[in-house]
Amino acid sequence: MALTGGLVVSACSPSNSGTGAGVAGGEITISGSSTVEPISVRVGEMFAKSGGVLPSVEGPGTGDGFKKFCAGETDISDASRAIKDEEQAACAKAGITFTELRIANDAITVLTNEKNDSVACLTFEDLYGLVGPQAEGVKTWSDAKAKGATSKLPNIPLDIFAPGTESGTYDSFYELAIKDIAEAKGVPENEQIRPDYGGLPNDNEIISGLQSVDSGFGWVGFAFAEASSGVRELKVDGGEGCVAPSAATVADGTYPLARPLFIYINNEKLADAPDLADFVDFYLSDQGMSAVSEVGYVPLAPADLQATRAVWQDAKAGIAKDAPAKDGVAKDGVAKTATDTP
């Protein structure tokens, strides 16, 4: 976490209601997850209204966002999954250290068209049979039986509308629903989701596809699903019975496809941009965190939010003092939120 040069940190504590303290005329660039994008956009709007700069926010996908971040092109990377080892290596090669901050809870919501009432709940084995690495060529829902599905699925066409490989939602879906079954079957880790469907770049296009086909199947972030018409959310059975996605089941982790959301801060840019530190202060303030529920996501539990705020304060203090890493900050320069992934 140690950097050359000092950092003038904001006097605004992230535990209060938050006021804009940004430096007018500065620039803050944010890229990454299309799932996290609505949160960062809303926080940016509130920050600008309170006197700070209006950040530039885009959502090409978590993977594409980390490519830009580790090339030094952005200040903040929105992410719907934790950074991968190879992405950390790319950042390290470019001399970029960062702080990871968990900012909300989300879930991957499995969907079909609202007219498809022949499916109510899917097991992990069903998901594997429909879209796992061995599901190539499965053309109807019922075909998934031969690939490991355990439920009685309808004999109707299977049209898949789901994220592409650049998406953190793609990665999270594989990690949560597919990976364990694939490993048990001896499938190599580089074979993740069936390759014979056209991955879509963002949640809006996935929803549009599902709305257009009566027997469509796919998955998006929880907030996008909750806000969308023309689709129906499916329950998921991760081994302990069917559970519907909801704010309550995401918050308590009983929904099997619950996941955390993150933002990553470029530490080097913090040293030269006090407006960036002010923005992150605001993001983690009570006012900033109100954006999470406002745009449809699930807020962190109080203890988890406190842990995130503590990591941020430690990160700022370490940079300001050009000090060695402290507790909670890994030797590779990555500050963790000190909370487990649900």
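In what follows, the structure referred to is the one given above.
Residues numbered from 1 in each chain as written. Predicted model: local features only at pLDDT ≥ 70, side-chain atom pairs only at ≥ 80, totals over all residues. Heavy atoms only, no water.

(A) Expanded view of the pairing of strand S4 (residues 98–113). Extensive coverage of S4 is indicated by the burial of 16 of its 16 residues. Taken together, the nine bridges between S4 and strand S11 (residues 258–266) define a ladder with antiparallel strand orientation. Bridging from a neighbouring strand, Asp 106 pairs with Arg 259 of S11. Pairing analysis gives three bridges linking S4 to strand S8 (residues 231–233), with the strands arranged antiparallel. Paired with Leu 111 across the two strands is Glu 233, which belongs to S8. (Buried < 20%, exposed > 50% of the residue type's maximum accessible area, 1.4 Å probe, protein only. Helix = DSSP H or I, 4+ residues; strand = E, 2+ residues; numbered from the N terminus. Pairing = 2+ DSSP bridges.)

(B) Molecular detail of the state of the cysteines. Under the defined criterion, the tally for this structure stands at two disulfides. Across a sulfur-sulfur distance of 2.0 Å, Cys 70 and Cys 91 are joined as a disulfide pair. Residues Cys 70 and Cys 91 share a disulfide whose torsion about the S-S bond is about -75 degrees; that sign makes it left-handed. Of this pair, Cys 70 sits in helix H2 (residues 62–70) while Cys 91 sits in helix H3 (residues 85–93), placing them 21 residues apart in sequence. What makes Cys 91 buried here is its relative accessible area of 0%. Cys 121 shares a disulfide with Cys 242; S-S distance 2.1 Å. As the torsion about the S-S bond is roughly -100 degrees, the Cys 121-Cys 242 disulfide counts as left-handed. Of this pair, Cys 121 sits in strand S5 (residues 121–123) while Cys 242 sits in strand S10 (residues 242–243), and the two are 121 residues apart along the sequence. Ordinal numbering of bonded cysteines along the protein chain defines a disulfide pattern of 1-2, 3-4. (Disulfide = S-S within 2.5 Å.)

(C) Summary view of the environment of Ala 182. Following the sequence through the fold, Ala 182 ends up in helix H5 (residues 168–184). Considering only alpha carbons, one finds Ala 182 and Gly 132, 50 residues apart in sequence, at a separation of 7.7 Å. Filtering out sequence-adjacent residues up to four positions away, Ala 182 remains in contact with Tyr 128, Pro 133 and Val 187. (Contact = heavy atoms within 4.5 Å.)

(D) Just the packing of aromatic side chains, in detail. This model, assessed by the stated rule, comprises ten aromatic pairs. For the pair Phe 69 and Phe 98, a centre-to-centre distance of 6.3 Å together with 65 degrees between the ring planes defines the contact as edge-to-face. Highlighted residues: Phe 69 in helix H2 and Phe 98 in strand S4, separated in sequence by 29 residues. Ring plane angle 50 degrees and centroid distance 6.1 Å describe the contact between Phe 262 and Tyr 264, whose orientation is recorded as tilted. Among the residues examined, Phe 262 registers a relative accessible area of 4% and is labelled buried. Looking at Tyr 264, the relative accessible area reads 0%, which means it is buried. In this structure an aromatic cluster arises from ring pairing among Phe 66, Phe 69, Phe 98, Phe 262 and Tyr 264. (Phe/Tyr/Trp six-rings, centres within 6.5 Å; stacked < 30°, edge-to-face > 60°.)

Note that every value here comes from positions in space, so none of it alone points to a role or purpose.
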